[in-house]
Amino acid sequence: NPPHAVFVPAEHEGKFVLIEQYRVPIGDRCLELPAGLVGDEDTDATVEGTAVKELEEETGFTCEHVERLGEFHSSPGMVAESFTLVRAHGVRKVGDGGGTEHEEIEVHLVDREDIPNFVERRRREGVAIDVKLLLFMGF
């Protein structure tokens, strides 16, 4: 089976939690939603459990619960990989975030209405943009 990821839009005090980290396949930093691979460390992992764990690890935020929004395929003409999109509810700050010792994750808190401008600023600065940020682009 191809890897299955979970992506976690999370809002705290009117701002969305975005992350930026280096991604080997593209050889650059990428702006994206908090995310993780389901079952990469624990074969009994669930989508919901992975979402909460990765949100805490990467961003320093946790949530009371997550709501499944559905399964999606990011590039079905090229790869079989799919992901589950969840929404975090009851988001609160519990730590520093930044990821594991192998990750250097920068956390950004951005007002929803400013996300398109923020994305463009990061793009002009050479940061890659994950396709899932289209959720906030107002089409």
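Report follows, based on the coordinates.

Reading the values: the criteria
Residues numbered from 1 in each chain as written. Predicted model: local features only at pLDDT ≥ 70, side-chain atom pairs only at ≥ 80, totals over all residues. Heavy atoms only, no water. Helix = DSSP H or I, 4+ residues; strand = E, 2+ residues; numbered from the N terminus. Buried < 20%, exposed > 50% of the residue type's maximum accessible area, 1.4 Å probe, protein only. Contact = heavy atoms within 4.5 Å. Core = buried A, V, L, I, M, F, W, Y, C linked by side-chain atoms within 4.5 Å. Salt bridge = Lys/Arg side-chain N within 4 Å of Asp/Glu carboxyl O.

All right, on to the side chain of Thr50 then. By secondary structure assignment, the location of Thr50 is in helix H1 (residues 47-59). By relative accessible area, which is 3% here, Thr50 ends up buried. Excluding residues that lie within four positions of it along the chain, Thr50 makes contacts with Val6, Gly36, Leu37, Val38, Gly39 and Ala45.

Core analysis: the largest hydrophobic core is formed by 16 residues, its most contacted members being Phe7, Leu18, Leu31, Leu33, Ile115, Leu133 and Phe136. When contributions to this core are tallied by element, the ones reaching two or more residues are strand S1 (4-7), strand S3 (15-23), strand S8 (82-89) and helix H2 (115-124). Beyond its immediate stretch of four places on either side in the chain, Ile115 contacts Phe16, Val110 and Phe136. Listed in part, the 13 residues of the second largest apolar core include Val8, Phe61, Val66 and Val91.

This paragraph deals with the environment of Gly138. Turning to its location among the elements, Gly138 is positioned in the segment after strand S11 (128-129). With a relative accessible area of 72%, Gly138 lands in the exposed category. Taking the C-alpha atoms as reference points, Gly138 and His102, separated by 36 residues in sequence, lie 34 Å from one another.

What follows deals with the pattern of salt bridges. Across all of its chains, the model carries 14 salt bridges by this definition. The partner of Glu106 in a salt bridge is Arg29, with the nearest N and O atoms 3.9 Å apart. Taken together, the residues Glu106 in strand S10 (residues 106-111) and Arg29 in strand S4 (residues 28-32) connect sequence positions 77 residues apart. By relative accessible area, which is 39% here, Glu106 ends up partly exposed. The salt bridge involving Glu57 is made with Lys53; its shortest N-O contact spans 3.8 Å. Taken as a pair, Glu57 and Lys53 lie in helix H1 at a separation of four residues, close to a single helical turn. Glu57 sits in the partly exposed class, given a relative accessible area of 24%. The network of salt bridges with shared partners includes Glu20, Arg29, Glu106, Arg122 and Glu125.

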